[in-house]
Amino acid sequence: MDFLASIYLWLKAAHVIFVIFWMAGLFMLPRYLVHHQESLGTPEADKWVEREGKLRRIIMTPSMILVWAFGLTIATAGHWWDQPWLHSKLLLVVLMTGYHGWMVGYAKKLAVGNARLTSKQLRLVNELPALFVTLIVILVVVKPF
């Protein structure tokens, strides 16, 4: 535990860096899906499948895994487990992880031509990560409870 305490600030820095990468992906993927959905039935649709796959494999999923790994390590090193704000933050991160999974699933459905949402609905869904991250930052910085 002394080792974790000695690298605590490095852990926090890494956590924030990968949160930024993950959030970038969570903001980009729904926009990609809008363009993909609007190009269904054209050769451009296959290019969107490839772009979405790269975004997920190279940026989003690795970043999400590292966010969780660094976050849980920080909570342990900082002895935060008994803090109510952390429990609320974790709930929001679980919901954001679920959103990530849902978006990946929707991308895979689009890849086979199965569009269930309108472009407008996808644009609205794109606002969820902003809500999640706003609440998470407030919980971490302000620690309202």
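Fair warning: this is a prediction, and the values are worked out from it, not measured in the lab. (Residues numbered from 1 in each chain as written. Predicted model: local features only at pLDDT ≥ 70, side-chain atom pairs only at ≥ 80, totals over all residues. Heavy atoms only, no water.)

A. Structural detail: the nonpolar core. Ranked by size, the top nonpolar core spans 28 residues in total, and within it Trp 22, Leu 26, Leu 29, Leu 33, Met 96, Tyr 99 and Met 103 carry the most contacts. Elements with a contribution of two residues or more to this core: helix H2 (8-38), helix H3 (44-77), helix H4 (84-111), helix H5 (119-125) and helix H6 (128-142). In terms of residues, this core owes the most to one element, H4, which gives ten residues. Every residue in contact with Met 96, bar those within four places of it in the chain, is listed here: Trp 22, Met 23, Leu 26, Phe 132 and Ile 136. (Core = buried A, V, L, I, M, F, W, Y, C linked by side-chain atoms within 4.5 Å. Buried < 20%, exposed > 50% of the residue type's maximum accessible area, 1.4 Å probe, protein only. Helix = DSSP H or I, 4+ residues; strand = E, 2+ residues; numbered from the N terminus. Contact = heavy atoms within 4.5 Å.)

B. Main features of unusual backbone geometry. With a phi angle near 55°, His 79 is a residue other than glycine that sits in the positive phi range. Not every positive phi belongs to a glycine, and Lys 143 is a case in point at roughly 50°. Structurally, Lys 143 is set in the segment after H6. Given the relative accessible area of 34%, Lys 143 is considered partly exposed.

C. Seen up close, the packing of H2 against H4. Between H2 and H4, whose axes approach to 11 Å, the crossing angle comes to 35°. For H2 against H4, the interelement crossing comes out left-handed. Contact residues: H2 offers His 15, Trp 22, Met 23, Leu 26, Leu 29, Pro 30, Leu 33, His 36 and Gln 37, while H4 offers Lys 89, Val 93, Met 96, Thr 97, Tyr 99, His 100, Met 103, Val 104, Tyr 106, Ala 107, Leu 110 and Ala 111. For the contact of H2 with H4, the class distribution of residues is 15 nonpolar, five polar and one charged. (Axes fitted to C-alpha atoms, helices over the stretch in contact; angles between N-to-C directions. Left-handed = near helix turned anticlockwise from the far one by under 90°. Nonpolar A, V, L, I, M, F, W, Y, C, P; charged D, E, K, R; others polar.)

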